[in-house]
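Residues per chain, in single letters:
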Amino acid sequence: MSRLPPVVEASDWRWQLRHGVRSLAGLEAALELTEDERRGARAAETAGFPIAITPYYLGLIDPRDPACPIRRQVVPRASELQQVPGDLRDPLGEEAHEVAPELVQRYPDRALLLVSDRCAVYCRFCTRSRMVGGGGGPRSLERLGPAFEYLRAHPEVSDVIISGGDPLTMTTERLVRIVEELRSIPHVETLRLATRVPVVLPQRITEELLEALRPHHPLWVMTHFNHPRELTEESRAALRRLADAGFPVMNHSVLLRGVNDDAATLAALFRGLVRERARPYYLLQADPVRGTGHLRTSVAQGLALMEALQGRLSGIALPKYIIDAPGGVGKVPMTPDYVVRRAPGVTTLRTWRGVEVDYLDPPER
Ligand SMILES: *Cc1c(COP(=O)(O)O)cnc(C)c1O
């Protein structure tokens, strides 16, 4: 049998997963590494949080530029070994909010189901770096049984977020069985698939996958683009296939130092997403995960960026800026302050152009 030409192999998502770079040697072969990156990769090889980069995503990295925004997201640095004040192992208190194995509940009406510990790519700023890539792989239906039982017994939960790890790294068959189990719970109205696959493994968004999931709508796809360079022909085609198959696509971006912490980059990212019918949903302040101090920005900087974008970007392109509060006590929306003064019956506002204007309440009745 003759070998398939490489272009066909590279378009197969399983080939992409099997041929991911997972070691210092693999990085060394593809990129001109700095000593700092070499030290980071060596540590990642032995410590708990592994390296993984699909050949596709690796191809987006500038091999000569250590400041490349794609590279900063996935190539470890020695700074990962540093702890800074406020760093936490489990910043969102997920272990404390686990109501059944693999099920996290922090709001009355929503729950988060962790169906795998595996991702196509391990982002160095991962909120769940404490547990991903641990080797457990996709969770069996038996393992998830108590989570399903909990959901069945809690009619107030109407929205389940299927996350991990990345749920789209498992086989379609396995994923569909989980979705069917959730769909058999009458009060679960909305399902969300939280996945970075459209960004790092767009080949996975196949017709076969879409056909298998389509009967289970409403299924929202929560994806995770951080930089306009991630909007390639392949990933844009994946977004179009999702939208054409009726999946509302929402994007979370994480605000990252040296990756997307300037207004022009964010504006290009958000506009590019809207062009492909993906709604910029949240701009997340990076969680204080242990070893990510070098990738985080200040809150003041985040607010200044939001202020720079307000009024200059269409409302559908402007996400909410969110801090997921340490300890897992809830997401807090952050807005630049547009109220200059409050007096009885009069609110003095400042517009994005800096014009001050009074809004008068109606007379009291
Ligand atoms: C973020 C999160 C949600 C969903 O929040 P939304 O604001 O509805 O997108 C739900 N549960 C957990 C545990 C979360 O971390």
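Model, not experiment: these values are computed from the prediction.

A word on a positive patch on the surface
Taken together, Arg22, Arg118, Arg174 and Arg177 make up a surface patch of like positive charges. When you line up the elements, Arg22 lands in the loop between helix H2 (13-18) and helix H3 (24-30). For Arg22, a relative accessible area of 44% gives the class partly exposed.

Thoughts on the environment of Arg350
The residue Arg350 is located in strand S12 (residues 346-350) in this model. For Arg350, a relative accessible area of 25% translates into the label partly exposed. Distance from Arg350 to Leu210, taken between C-alpha atoms, is 46 Å for residues 140 residues apart in sequence. One polar contact links the side chain of Arg350 to the main-chain carbonyl oxygen of Asp337, over a distance of 2.6 Å.

Thoughts on a nonpolar patch on the surface
Nonpolar side chains collect at one region of the surface, where Leu349, Val357 and Tyr359 lie side by side and expose about 260 Å² of accessible area between them. Given the relative accessible area of 31%, Leu349 is considered partly exposed.

Looking at unusual backbone geometry
Note that the residue after Gly164, namely Gly165, is joined by a cis bond; omega there is 20°. Checked against the element boundaries, Gly165 lands in the loop between strand S4 (159-163) and helix H8 (172-183). Here the amide bond leading from His217 into Pro218 is cis, since omega sits at 0°, within 30 degrees of zero. Position of Pro218 relative to the elements: it lies in the loop between helix H10 (207-213) and strand S6 (219-223). A positive phi angle is found at Glu102, which is not glycine, with a value near 70°.

A word on the domain arrangement of the protein chain
Each assigned domain of the protein chain is listed here: domain 1 (6-81), domain 2 (98-334) and domain 3 (337-365). Placing a centre on the C-alpha atoms of domain 1 and another on those of domain 2 gives a separation of 22 Å. Counting each side, the surface lost to burial between domain 1 and domain 2 is near 2,700 Å², with a carbon and sulfur contribution of 60%. At the boundary of domain 1 and domain 2, one finds one salt bridge. Residue Arg124 pairs with Glu80 through a salt bridge whose shortest N-O separation is 2.8 Å. Linking domain 1 to domain 2 there are 13 residue pairs in polar contact (both at pLDDT 80 or more). Looking at the side of domain 1 that touches domain 2, the elements with two or more residues in it are H2, helix H5 (55-58) and helix H6 (69-74). Considering every element that reaches the side of domain 1 that touches domain 2, the biggest residue donor is H6, with five residues.

Rules used throughout
Residues numbered from 1 in each chain as written. Predicted model: local features only at pLDDT ≥ 70, side-chain atom pairs only at ≥ 80, totals over all residues. Heavy atoms only, no water. Patch = residues over 30% accessible without salt bridge, like charges linked within 9 Å, V, L, I, M, F, W, Y side chains within 5 Å. Areas by Shrake-Rupley, 256 points an atom, 1.4 Å probe, with all protein chains shown as cover. Salt bridge = Lys/Arg side-chain N within 4 Å of Asp/Glu carboxyl O. Lys, Arg positive; Asp, Glu negative; His and termini not counted. Charge placed at Lys NZ, Arg CZ, Asp CG, Glu CD. Helix = DSSP H or I, 4+ residues; strand = E, 2+ residues; numbered from the N terminus. Buried < 20%, exposed > 50% of the residue type's maximum accessible area, 1.4 Å probe, protein only. Polar contact = N/O pair within 3.5 Å; in protein donor to acceptor, adjacent residues only side chain to side chain. Domains from an automatic or database assignment. Buried area = accessible area lost by both parts, 1.4 Å probe.

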